[in-house]
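# Descriptive analysis of the structure
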Amino acid sequence: MELEQEELTGSDEVSEGKAAYPATASTKKVFVKTYGCQMNVYDSQRMSDALAADGYAGTDRIEEADLVLLNTCHIREKAAEKVYSELGRIKALKAERAARGHEMVIGVAGCVAQAEGREIIRRQSAVDLVIGPQTYHRLPEALRRARRGEKIVETEYAIEDKFEHLPKPRRSEIIGRGVTAFLTVQEGCDKFCTFCVVPYTRGSEVSRPVSQIVAEAMKLAEAGVRELTLLGQNVNAWHGEGPDGREWGLGRLLYRLAEIPGIARLRYTTSHPRDMDDELIEAHRDLPSLMPYLHLPVQAGSDRILKAMNRRHKAADYIRLIERIRAARPDMALSGDFIVGFPGETDADFEDTMELIRSVEYAQAYSFKYSPRPGTPGADMKDHVAEAVKDERLQRLQALLSTQMHAFNLAMSGKTMDLLIEKPGRQHAQRVGRSPWLQPVVVDETAGEIGDIITVRITRTGHNSLFAEPV
Ligand code: SAH
Ligand code: SF4
Ligand code: F3S
């Protein structure tokens, strides 16, 4: 399988101008481009919902957009800089539209908006609106003011709950979006790893209430969603008061969601090793619908570096945790995030990371060169690692991970497994679904309809996908 560097957690453009709603002659058009993690994907969808209620239809043609919204990521320097080069390009389009008498409001949302605020308008004056992740429910109002010519910066942490105030998507709007869906259950982070901007851009940890989550999950299920992925920057830190009056953790919530008719598969991401409690591990043992795939970033394998990163656990704790998880669910596949070249990382520290990878054996992984972020403690540490050393370490680390991912896929050959059919394949007469371990699996279109869960046998393993026939 390919090293999908930034798909889960990074800065790649994850989607562009998805036309979620059909346009009519009178509607205005919005082009949304999403960078970064799945939380941004979810937020973009909710912003589109809010804008739809305001008469904006989605378009994937930026030149015809009355509103361009970039939902941005601040996690690494490259991610943030990408936004400015994109804005330069959009400025030219705005001028062209103005020359033809058309409006183009430019909005910047997401983590760059939160981190840089008004600075964005200072650097790129074509931007009309800057809105941080905690204030999306105020988007329609902010947009009205921006259209009157005001420059708007909304980056206060609102006291009200943005989820409660965003319009609820209507069933008709959810239908047709697919059989898998994201549901944000938790946002923000109190962990303050010394390399990371998230606690500053997303604010402190907030959990959505059980009733809100269950209601949204039921609505998604009624609209045909079969697989639900719960999202949070620290999803396993989620907690809330259950209908029984007791304090629930993520494990208990998963038991509840597994009862919803139609929901056949559950996943959650991203977890922190320190928040994997017993009940969550038991849920993996007890719930067949909880998929045997866990993204559990460790970042580094050296205790010294883990300490400097403020991860607050040792390498051995992580290994022991994985043993416990695998004891509960023996077919569990692990995925991780790694940073190479954190300040002070020596060759020996790096070798510890390689050793940890060898002992865990990952099915998937995302790895990055350390990128100093302004305002984080890591940026001010001594002994920054030379770029060339980071490059060399990243290459070696990725070569090892790539071997493991490839071995994981090869081992699927001849196996029988369940497959959720998600969409038409790229080739004629094919359909594509996902294995329980998130691998894309290609079958003949006669194998079943989109949304079906069928049993298949793997006949061939490709570089990125598996090929199967129904049994
Ligand atoms: N909450 C998640 C991670 C969120 S950020 C967790 O705690 O695991 C996603 C990933 O980006 C991190 O896991 C880390 O590997 C990477 N990352 C974060 N900040 C970084 C930085 N300054 N330089 C390089 N990689 C970084
Ligand atoms: Fe960032 Fe650490 Fe929080 Fe993850 S746990 S979001 S890496 S500060
Ligand atoms: Fe990026 Fe913000 Fe997500 S910094 S990774 S978009 S939480």
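Because the structure is a prediction, the values reported are computed rather than measured. (Residues numbered from 1 in each chain as written. Chains lettered and ligands numbered in written order. Predicted model: local features only at pLDDT ≥ 70, side-chain atom pairs only at ≥ 80, totals over all residues. Heavy atoms only, no water.)

## Structural notes on the site of ligand 2
In the vicinity of ligand 2, the contacting residues are Cys189, Lys191, Phe192, Cys193, Phe195, Cys196, Val198, Pro199, Asn234, His272 and Arg311. Considering only residue class, the shell around ligand 2 consists of seven nonpolar, two polar and two charged. (Near = heavy atom within 4 Å. Nonpolar A, V, L, I, M, F, W, Y, C, P; charged D, E, K, R; others polar.)

## A few points about the packing of aromatic side chains
Per the counting criterion, the structure on display carries five aromatic pairs. Their ring planes at 90° and their centres at 5.3 Å tell us that Phe338 and Tyr362 sit as a pair that is edge-to-face. Taken as a pair, Phe338 in strand 16 (residues 333-340) and Tyr362 in the loop between helix 14 (347-360) and strand 17 (364-369) lie far apart in primary sequence, 24 residues in all. Between Phe342 and Tyr370, the aromatic rings sit 5.2 Å apart at their centres with planes inclined by 70°, giving edge-to-face as the arrangement. Separated by 28 residues along the polypeptide, Phe342 in the loop between strand 16 and helix 14 and Tyr370 in the loop between strand 17 and helix 15 (387-410) bring together distant segments of the chain. Neither residue differs from the other here; Phe342 and Tyr370 are each classed as buried. Three or more aromatic residues link up through ring pairs in this structure, and these residues are Phe195, Phe342 and Tyr370. Seen from the ring of Phe163, Arg208 lies directly overhead, with NZ or CZ sitting 4.2 Å from the centre. The positively charged end of Lys415 is found above the aromatic ring belonging to Trp437, 5.2 Å away from the centroid. (Phe/Tyr/Trp six-rings, centres within 6.5 Å; stacked < 30°, edge-to-face > 60°. Helix = DSSP H or I, 4+ residues; strand = E, 2+ residues; numbered from the N terminus. Buried < 20%, exposed > 50% of the residue type's maximum accessible area, 1.4 Å probe, protein only. Lys NZ or Arg CZ within 6 Å of the ring centre and 35° of its normal.)

## Some remarks on helix 1 (residues 38-52)
Between its first and last C-alpha atoms helix 1 spans 21 Å; for 15 residues at 1.5 Å apiece the expected length is 21 Å, and the two agree. Here helix 1 has its buried residues at Gln38, Met39, Asn40, Tyr42, Asp43, Ser44, Arg46, Met47, Ser48, Asp49, Ala50 and Leu51. (Expected span 1.5 Å × (residues − 1).)

## Description of the sheet that holds strand 15 (residues 293-295)
Read from one edge of the open sheet, three strands run 15-16-17, paired in parallel fashion. The open sheet has two free edges, formed respectively by strand 15 and strand 17, since each of these has just one partner strand. Across this sheet, the average inter-strand angle for adjacent strands is 10°, counted without regard to direction. Note that strand 16 and strand 17 share six bridges and pair parallel. Directly across from Asp337, in strand 17, lies its bridge partner Tyr366. Helix 15 rests against strand 16 and strand 17 of the sheet, and its axis sits at about 175° to strand 17. (Pairing = 2+ DSSP bridges. Axes fitted to C-alpha atoms, helices over the stretch in contact; angles between N-to-C directions. Contact = heavy atoms within 4.5 Å.)

## Thoughts on the confidence of the model for the protein
Per-residue confidence for the protein gives a mean pLDDT of 93; residues scoring 70 or more make up 93%. Within the model, the stretch residues 1-11 combines pLDDT values under 50 with 52 contacts to residues more than four positions away or in other chains. (pLDDT = per-residue confidence, 0-100.)

## Overview of the packing of helix 10 (residues 250-257) against helix 11 (residues 278-286)
The N-to-C vectors of helix 10 and helix 11 enclose an angle of 30°; their axes lie 7 Å apart at closest approach. Relative to helix 11, helix 10 is oriented roughly parallel. Touching Leu250, Gly251, Arg252, Leu254 and Tyr255 of helix 10 are Glu279, Leu280, Glu282, Ala283 and Asp286, all from helix 11. Classifying every residue of the contact of helix 10 with helix 11 by side-chain character gives five nonpolar, one polar and four charged. (Parallel < 35°, antiparallel > 145°, perpendicular 65-115°, else oblique.)

## Notes on the side chain of His137
Examined against the element boundaries, His137 turns out to sit in the loop between strand 6 (129-131) and helix 5 (139-147). A relative accessible area of 14% means that His137 is categorised as buried.

## Side note on the side chain of Thr72
Counting through the fold element by element, Thr72 comes out in strand 4 (residues 67-72). Assessed through its relative accessible area of 0%, Thr72 is described here as buried. Apart from the residues within four sequence positions on either side, Thr72 is in contact with Tyr35, Asn40, Val83, Val108, Ala109, Gly110, Cys111, Val112 and Ala113.

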